[in-house]
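Coordinates in review
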Amino acid sequence: MNNIKIVRANLSDVPKIQKLLKNEIEKGVILYRSDDEIAMNIRSYLIAKDENNCDEIIGCVALHIYSMGLAEFRSMMVNQKYRMQGVGSLLIAKGIEDAKNLGLKEILVLTYKSYFFSKFGFREIPKIEIPDNKIWADCIKCSQFPVCEEVALIKKI
Ligand SMILES: CC(C)(COP(=O)(O)OP(=O)(O)OC[C@H]1O[C@@H](n2cnc3c(N)ncnc32)[C@H](O)[C@@H]1OP(=O)(O)O)[C@@H](O)C(=O)NCCC(=O)NCCS
């Protein structure tokens, strides 16, 4: 695991982020975002790199801010070959550290993988508590909307 580094993305990473996310987007697990939407929000993206294979991005997560207190983890994914080796945990730990440094109070996540996030202190909330701007900006674009099986979890930080 010493060869895995979590770093901030830059604009040259956008095509690599799209390549990484493609499979899970096709399965409907992750929402498609255009290159321009990723570029506009590039400062929120953390990426994982394997120092033995620097050309590829092996994982990513975006900490998207909604308000003075609330952000959301979105576009979280680790390349299949690298799963169950702690890469996802490194990304979440760095994202939580960023959220604390920014002065955020809560992080939301909508996921099918609640066991993964519960390890970091995320607790399930009723979907009625999801902020309206999330529903109308993102959920409305999703193929699963409005019958969504994802679980909403929140962590106070
Ligand atoms: C969810 C995901 C990012 C986890 O990444 P990862 O690098 O495999 O996670 P880690 O190796 O850090 O695992 C952290 C913990 O979760 C557990 N875990 C991770 N994936 C698991 C799985 N599929 N089944 C059971 N446990 C799992 C690990 O056992 C580990 O527990 P431990 O610390 O007790 O050993 C990865 O499975 C993924 O990309 N999934 C597809 C996309 C997705 O569902 N994203 C989330 C959308 S919000």
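Observations regarding the overall build of the protein
Along the backbone of the protein there are five helices and seven strands. Going from N to C terminus, the protein has its helices and strands arranged as β-α-α-β-β-β-α-β-α-β-α-β. Put simply, of all contacts in the protein between residues at least 6 apart along the chain, 69% involve residues at least 24 apart. Of the roughly 8800 Å² of accessible surface on the protein, 55% is carried by carbon and sulfur atoms. Averaging the coordinates of the 23 positive side-chain charges in the protein and doing the same for the 20 negative ones gives two points 4 Å apart.

Brief notes about the site of the ligand
Near the ligand you find 19 residues, and of these Met 84, Gly 86, Gly 88, Ser 89 and Lys 119 are the closest. Within the backbone of Gly 86, an N or O atom sits 2.7 Å from an oxygen atom of the ligand. Within the contact set of the ligand, an oxygen atom lies 2.7 Å away from a side-chain nitrogen or oxygen of Lys 119. Within the complex, 74% of the 910 Å² of free accessible area of the ligand lies under protein.

Things to note about helix H1 (residues 14-27)
Working note: α-helix, 3.6 residues per turn, so residues spaced by three or four point in the same direction. Over its 14 residues, H1 extends 20 Å from the first C-alpha to the last, a length consistent with the 20 Å expected when each residue adds 1.5 Å. When the local axis directions of H1 are compared, the greatest deviation, roughly 50°, occurs at Leu 21. When we look at burial in H1, the residues that qualify are Val 14, Ile 17, Gln 18, Leu 20, Leu 21 and Glu 24. Of the surrounding secondary structure, the elements contacted by the buried residues of H1 are helix H2 (35-40), strand S2 (45-50), strand S3 (59-65) and strand S4 (70-78). Gly 28 sits one or two positions beyond H1 and adopts a positive phi of about 85°.

Here we look at the packing of aromatic side chains
Throughout the structure, instances matching the rule amount to four aromatic pairs. Ring geometry for Phe 116 and Phe 117: centres 5.0 Å apart, planes at 85°, overall edge-to-face. Across the pair, Phe 117 and Phe 116 agree in class, each one buried. Taken together, Phe 73, Phe 116, Phe 117, Phe 120 and Phe 122 form an aromatic cluster joined through their ring pairs.

Digging into the environment of Gln 18
Mapped onto the elements of the fold, Gln 18 is located in helix H1. What makes Gln 18 buried here is its relative accessible area of 14%. Sequence separation of Gln 18 and Val 87 is 69 residues, and the distance between their C-alpha atoms is 18 Å.

Analysis parameters
- Residues numbered from 1 in each chain as written.
- Predicted model: local features only at pLDDT ≥ 70, side-chain atom pairs only at ≥ 80, totals over all residues.
- Heavy atoms only, no water.
- Helix = DSSP H or I, 4+ residues; strand = E, 2+ residues; numbered from the N terminus.
- Contact = heavy atoms within 4.5 Å.
- Areas by Shrake-Rupley, 256 points an atom, 1.4 Å probe, with all protein chains shown as cover.
- Lys, Arg positive; Asp, Glu negative; His and termini not counted.
- Charge placed at Lys NZ, Arg CZ, Asp CG, Glu CD.
- Near = heavy atom within 4 Å.
- Polar contact = N/O pair within 3.5 Å; in protein donor to acceptor, adjacent residues only side chain to side chain.
- Expected span 1.5 Å × (residues − 1).
- Bend = angle between axes of the 7 residues up to and from the residue.
- Buried < 20%, exposed > 50% of the residue type's maximum accessible area, 1.4 Å probe, protein only.
- Phe/Tyr/Trp six-rings, centres within 6.5 Å; stacked < 30°, edge-to-face > 60°.

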